[in-house]
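So the chains spell out like this:
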Amino acid sequence: MTTTEMLKIQFYDSYNMLKEVARICPDELWYSENHGLPVWNHVIHTLMGIAFWLREDYESVFSWSLPFPERLGKKIIDNDWVELSDGFLTKTEINNCFDYLDNILNRFWLNLNDETLNKTTWKEYSFSYLSVITAQIRHIMCHVGMCNAALIENGFEEIKWIAYGEE
């Protein structure tokens, strides 16, 4: 197995756990304030990090293309934590974002190999593909952990652990 293949498995284990958050989170916890941040806001924030960092072209100007609703777009893009009074993303809307990102990620992983892992993403920075991918895995798991803690703290079932590509 190549390093890229193993890295892809680790990424998708984390990413699928984030999907599991959206799948099992009860509606009342999905949009309610939980230590200052609703679960849905954790999920969209994490998806935005993935969309920004896991891309093929770092030299072109990045534009947000995740299909979140216009009513929340500016707050989400500005990375403002959204208050309940602002509204929230429904699970259907967040799943649309996952579906959209799935296509982008498929192209990203198809064009990645062990040779490109150590190449820098931007000419003026020392970020490599390896560093941005591992950082995103950590970022995903940070938010999965916070969402998991919210589930447990509120008496709900925790997120199923996924490892080594198991489903």
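Above this text is the structure in question.
Residues numbered from 1 in each chain as written. Predicted model: local features only at pLDDT ≥ 70, side-chain atom pairs only at ≥ 80, totals over all residues. Heavy atoms only, no water.

Draft legend 1. Representation of helix 3 (residues 39-53) within the structure. For helix 3, which comprises 15 residues, the first-to-last C-alpha distance of 22 Å matches the rise-based estimate of 21 Å (1.5 Å per residue) to within 8%. Where burial is concerned, most of helix 3 is hidden: 13 out of the 15 residues are buried. (Helix = DSSP H or I, 4+ residues; strand = E, 2+ residues; numbered from the N terminus. Expected span 1.5 Å × (residues − 1). Buried < 20%, exposed > 50% of the residue type's maximum accessible area, 1.4 Å probe, protein only.)

Draft legend 2. Structural detail: the nonpolar core. In this structure, Phe11 and Leu47 are the most contacted members of the largest nonpolar core, which totals 46 residues. Looking at which element gives the most residues to this core, the answer is helix 7 (residues 129-153), with 9 residues. Aside from chain neighbours lying at most four places away, what touches Phe11 is Ile50, Leu54, Leu105, Trp109, Ile137 and Ile140. (Core = buried A, V, L, I, M, F, W, Y, C linked by side-chain atoms within 4.5 Å. Contact = heavy atoms within 4.5 Å.)

Draft legend 3. Geometry of the packing of aromatic side chains. Within this structure, the stated rule accounts for 18 aromatic pairs. When the ring of Phe11 is compared with that of Tyr15, the centres are 5.5 Å apart and the planes differ by 20 degrees; the resulting orientation is stacked. Here Phe11 and its partner Tyr15 are both found in helix 1 (residues 3-24), 4 residues apart, which amounts to about one turn of the helix. Here the two residues Phe11 and Tyr15 agree in accessibility, since each one is buried. Relative to Trp53, the ring of Phe52 has its centre 5.2 Å away and its plane inclined at 85 degrees; by these criteria the two rings are edge-to-face. What makes Phe52 partly exposed here is its relative accessible area of 23%. (Phe/Tyr/Trp six-rings, centres within 6.5 Å; stacked < 30°, edge-to-face > 60°.)

Draft legend 4. The arrangement of a negative patch on the surface in detail. Taken together, Glu56, Asp57, Glu59 and Glu124 make up a surface patch of like negative charges. Assignment of secondary structure puts Glu59 in the loop between helix 3 and helix 4 (70-77). (Patch = residues over 30% accessible without salt bridge, like charges linked within 9 Å, V, L, I, M, F, W, Y side chains within 5 Å. Areas by Shrake-Rupley, 256 points an atom, 1.4 Å probe, with all protein chains shown as cover. Salt bridge = Lys/Arg side-chain N within 4 Å of Asp/Glu carboxyl O. Lys, Arg positive; Asp, Glu negative; His and termini not counted. Charge placed at Lys NZ, Arg CZ, Asp CG, Glu CD.)

Draft legend 5. Region of interest: the packing of helix 1 against helix 5 (residues 91-110). Remark: helix 1 packs on helix 5, axes separated minimally by 11 Å, with the N-to-C direction vectors making an angle of 175 degrees. When the interaxial angle is binned, helix 1 and helix 5 end up roughly antiparallel. For the pair helix 1 and helix 5, the contacting residues are Thr4, Leu7, Lys8, Phe11, Tyr12, Tyr15, Leu18, Lys19, Ala22, Arg23 and Ile24 in the first and Lys91, Ile94, Asn95, Phe98, Leu101, Asp102, Leu105, Asn106 and Trp109 in the second. Within the contact of helix 1 with helix 5, the residues separate by chemical class into 12 nonpolar, 3 polar and 5 charged. (Axes fitted to C-alpha atoms, helices over the stretch in contact; angles between N-to-C directions. Parallel < 35°, antiparallel > 145°, perpendicular 65-115°, else oblique. Nonpolar A, V, L, I, M, F, W, Y, C, P; charged D, E, K, R; others polar.)

Draft legend 6. Geometry of the pattern of salt bridges. By the definition in use, this model includes 2 salt bridges. Of the charged contacts, one joins Lys19 and Asp102 as a salt bridge, the two residues approaching to 3.0 Å between their closest N and O atoms. Pair noted here: Lys19 is in helix 1 and Asp102 is in helix 5, with a separation of 83 residues, a long-range link. Where Glu20 meets Arg23, a salt bridge forms, and the shortest distance between an N and an O atom there is 2.8 Å. Of this pair, Glu20 and Arg23 are both found in helix 1, 3 residues apart, which corresponds to roughly one turn of the helix.

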